[in-house]
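Report on the structure
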Amino acid sequence: MNLPSSKPTAGESCTYAAGREVILFWKEIGAFLIREGREIIFQPVPGAEEHLLRLFILGPVLAVILHQRGFLILHASAVEVNGNAVAFLGGSGWGKSTIAAALNGQGHAVLSDDVVAVDISGKVNPTLFPGFPQIKLNAEVVSVLSHLPANLPPPHSGLAKYLCPVNRQITQRPYRLHRLFVLSEGADQKVESTSRREAVMELISHSYCSRLLREGSQSRHFSQCANLANKVSIFRLRRRRSLSELSDLACLVEENLARNPFSDN
């Protein structure tokens, strides 16, 4: 495998997709060839740091290989509630990991952070598998969540967030995806219903590998999002960007789940 021939500029990343092969390239990391959902070939750049390699493998590289296996990959974080999964969608910086960590402090295990792979192949209930047991949080969030481990190692060079280990007593099995919350800014913290059309558009917007879709696969991706919107309740979670109200936000989610309990359908 050869690195891209054009000389990268500072901060540049490149993506190449053809058929069942994808190449991901980052200037400070190297290139990954992901093939057929089964094979990863990696060529690091000289001096690439091991912790960053691990971070990219467990993030975008894992997302691509799961995408190739037919999963719907969401840019989300997920927690366990009453034996089922609840996920939070949002763009970078909107607080997906933050709300997951806050709910973890309320006793809910973190199932996945940043990359959520949803299996929609079943006839009834979409499911997801637990991801790698860590969560990425910035220093401000770490400072207000008292349940996190003490004396966390500082962020590595090139990484602005702490990598917090997640101690969870869960079974490595598929978890039914019961509910999705789309994070949005608001003057008040509240939960709002979404129309089916809004739900589908949010799922499309927050799909991790949407840039890799080619002719013929867009329709499959749209069908996956529409199918998920039909089977899972999707709410909008309005939040203020205030860490002092993080506990209240977690309680708001718990109250919504209590008013709309899990069913066996």
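Residues numbered from 1 in each chain as written. Predicted model: local features only at pLDDT ≥ 70, side-chain atom pairs only at ≥ 80, totals over all residues. Heavy atoms only, no water.

1. Some points on the environment of Ser143
- Note that Ser143 resides in helix 3 (residues 139–144).
- On the basis of relative accessibility, which here comes to 60%, the residue Ser143 falls in the exposed class.
- In this structure the C-alpha to C-alpha distance between Ser143 and Leu243, which are 100 residues apart in sequence, comes to 9.7 Å.
- Here Glu140 takes part through its backbone oxygen, which lies 2.6 Å from a polar atom of the side chain of Ser143. (Helix = DSSP H or I, 4+ residues; strand = E, 2+ residues; numbered from the N terminus. Buried < 20%, exposed > 50% of the residue type's maximum accessible area, 1.4 Å probe, protein only. Polar contact = N/O pair within 3.5 Å; in protein donor to acceptor, adjacent residues only side chain to side chain.)

2. Structural notes on the packing of helix 4 (residues 196–205) against helix 5 (residues 218–231)
- Here helix 4 crosses helix 5 at 130 degrees, and the two axes come no closer than 9 Å. Regarding the angle of helix 4 to helix 5, the classification is oblique. You can see that helix 4 and helix 5 cross each other, and the crossing is right-handed. Of helix 5, the residues touching helix 4 (which contributes Arg196, Ala199, Val200, Leu203 and Ile204) are His221, Phe222, Cys225, Ala226, Leu228, Ala229 and Asn230. (Axes fitted to C-alpha atoms, helices over the stretch in contact; angles between N-to-C directions. Parallel < 35°, antiparallel > 145°, perpendicular 65-115°, else oblique. Left-handed = near helix turned anticlockwise from the far one by under 90°. Contact = heavy atoms within 4.5 Å.)

3. A word on unusual backbone geometry
- A positive phi angle, near 60 degrees, is found at Glu36, a position not held by glycine.
- On the secondary structure map, Glu36 appears in the loop between strand 3 (30–35) and strand 4 (39–44).
- Here Glu36 falls in the partly exposed class, since its relative accessible area comes to 35%.
- Of note in this structure, Asp114 is not a glycine but carries a positive phi near 80 degrees.
- Inspection of the secondary structure assignment puts Asp114 in the loop between strand 7 (110–112) and strand 8 (115–119).

4. Topic: the packing of aromatic side chains
- Scanning the model with the defined rule gives 5 aromatic pairs in all.
- On the basis of an interplanar angle of 15 degrees and a centroid distance of 4.3 Å, the ring pair of Phe32 and Phe42 is categorised as stacked. Taken as a pair, Phe32 in strand 3 and Phe42 in strand 4 lie far apart in primary sequence, 10 residues in all.
- Among the residues examined, Phe32 registers a relative accessible area of 0% and is labelled buried.
- Under the relative-accessibility criterion, Phe42 is labelled partly exposed at 28%.
- An aromatic cluster is defined as three or more aromatic residues linked by ring pairs; in this entry it consists of Trp26, Phe32, Phe42 and Phe56.
- Its end group placed over the ring of Tyr175, Arg173 keeps NZ or CZ at 3.8 Å from the ring centre.
- For Arg241, the ring lying beneath its charged end belongs to Trp94, and the centroid distance is 4.2 Å. (Phe/Tyr/Trp six-rings, centres within 6.5 Å; stacked < 30°, edge-to-face > 60°. Lys NZ or Arg CZ within 6 Å of the ring centre and 35° of its normal.)

5. Quick word on helix 5
- For helix 5, spanning 14 residues, the distance from its first C-alpha to its last is 20 Å, which sits close to the expected 20 Å at 1.5 Å a residue.
- Within helix 5, burial applies to His221, Gln224, Cys225, Ala226, Leu228 and Ala229.
- Contacts from the buried residues of helix 5 go to strand 5 (72–81), strand 8, strand 12 (175–185), helix 4 and strand 14 (233–239). (Expected span 1.5 Å × (residues − 1).)

6. Here we look at the confidence of the model for the chain
- When pLDDT is averaged along the chain, the result is 85; 89% of the residues meet or exceed 70.
- Per-element averaging of pLDDT across the chain places strand 1 (residues 13–18) at the bottom with 78 and strand 6 (residues 84–89) at the top with 96.
- A low-confidence stretch, residues 3–11 (pLDDT under 50), is modelled with 12 contacts involving residues beyond four sequence positions or located in other chains. (pLDDT = per-residue confidence, 0-100.)

7. Some words on the side chain of Arg179
- Looking at the element boundaries, Arg179 is found in strand 12.
- A polar atom in the side chain of Arg179 sits 3.1 Å from the side chain of Asn256.
- Apart from the residues within four sequence positions on either side, Arg179 is in contact with Ala85, Val86, Ala87, Val232, Ser233, Phe235, Asn256, Leu257 and Asn260.

8. A closer look at the sheet that holds strand 2 (residues 21–26)
- Reading across the sheet, the 4 strands line up as 1-2-3-4 and stay open at both edges, with antiparallel pairing between neighbours. Edge strands, defined here as strands with exactly one partner in the open sheet, are strand 1 and strand 4. Averaged over all pairs of adjacent strands, the angle between their axes in this sheet comes to 10 degrees, without regard to strand direction.
- In this structure, strand 2 lies alongside strand 3, joined through 6 bridges in antiparallel fashion. Looking across to strand 3, one finds that Phe25 is bridged to Ala31. (Pairing = 2+ DSSP bridges.)

9. Looking at the pattern of salt bridges
- All told, the structure shown has 10 salt bridges when counted by the stated rule.
- A salt bridge links Asp113 to Lys136; the nearest nitrogen and oxygen atoms lie 3.9 Å apart. On the criterion of sequence distance, the pair formed by Asp113 in the loop between strand 7 and strand 8 and Lys136 in strand 10 (residues 134–137) is long-range, its members being 23 residues apart.
- For Asp113, a relative accessible area of 11% gives the class buried. (Salt bridge = Lys/Arg side-chain N within 4 Å of Asp/Glu carboxyl O.)

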